[in-house]
Amino acid sequence: MPHCYLLTVCGGSSLDQQSNNVTLWNLVEQVSLPEGSHPVGAILPLEIHAYFQIAPQELKQSLQFRFSLVAHTGLETTTDVFDHRALSLRYRTRTAGLPLPPVTGSYEIRVDWRHAGAEGWTREDIAWPLTITETDPRPVTTH
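Here the structure is a predicted model, which is why all the values come from computation and not from measurement.

Colleague: How would you sum up the packing of aromatic side chains? Please name residues and give values.
Modeller: With the rule as written, the count across this model stands at three aromatic pairs. Between Phe65 and Tyr91, the aromatic rings sit 6.4 Å apart at their centres with planes inclined by 20°, giving stacked as the arrangement. Taken together, the residues Phe65 in strand E5 (residues 62-71) and Tyr91 in strand E8 (residues 90-99) connect sequence positions 26 residues apart. For the pair Phe65 and Tyr91, a shared accessibility class is recorded, and that class is buried. Feature note: the residues Phe52, Phe65 and Tyr91 constitute an aromatic cluster, connected by ring pairs.

Colleague: Any details on the environment of Leu75? Residues and values, ideally.
Modeller: Within the element layout of this structure, Leu75 appears in the loop between E5 and strand E6 (76-78). Those residues in contact with Leu75, other than ones at most four positions away along the chain, are Leu69, Val70, Pro102, Val103 and Tyr107.

Colleague: Quick one: what's the story with the pairing of strand E10 (residues 122-135), residue by residue and with numbers?
Modeller: Here is the key point about a regular strand: its side chains alternate between the two faces of the sheet. Of the pairings in the sheet, the one linking strand E3 (residues 30-34) to E10 comprises five bridges and is parallel in character. Bridge assignment links Ser32 to a residue of E10, and that residue is Thr133. Examined bridge by bridge, strand E9 (residues 105-115) and E10 share eight bridges and lie antiparallel to one another. Residue pairing in the sheet places Asp112 in a bridge with Arg123 of E10. Counted along the chain from E9 to the antiparallel partner E10, the turn is six residues long, and its residue Gly117 has a positive phi close to 90°.

Thresholds applied
Residues numbered from 1 in each chain as written. Predicted model: local features only at pLDDT ≥ 70, side-chain atom pairs only at ≥ 80, totals over all residues. Heavy atoms only, no water. Phe/Tyr/Trp six-rings, centres within 6.5 Å; stacked < 30°, edge-to-face > 60°. Helix = DSSP H or I, 4+ residues; strand = E, 2+ residues; numbered from the N terminus. Buried < 20%, exposed > 50% of the residue type's maximum accessible area, 1.4 Å probe, protein only. Contact = heavy atoms within 4.5 Å. Pairing = 2+ DSSP bridges.

In structure tokens, the structure reads:
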């Protein structure tokens, strides 16, 4: 079974091709939108990073992943489904774009996975907190 050991949301990242190390920039725990500009279905320009350990028998098998924004009310907004095939026992994904949920509030980003063709999803215990807020527009400053 895949096991997610790191889940994070950031503004950007860089992969060093020499060392294969990843640098994450601007970890994001809150998104503030101007009041009245909450477009349903919009995609936030953020990256979701998920790091997994894979069992040896799951190498080269087709796995599907998705990310869910889960509110305390039970409301869930999910990303598209992504197909992956792990070639090593540690596997990482970087997904660009996070769907904006229909209402502001506190959410947890969760990662779900399944074997390709399976019906149900397995939700990992790991979660990343994310608050979506609306802010009052600042008055124009005149000098």
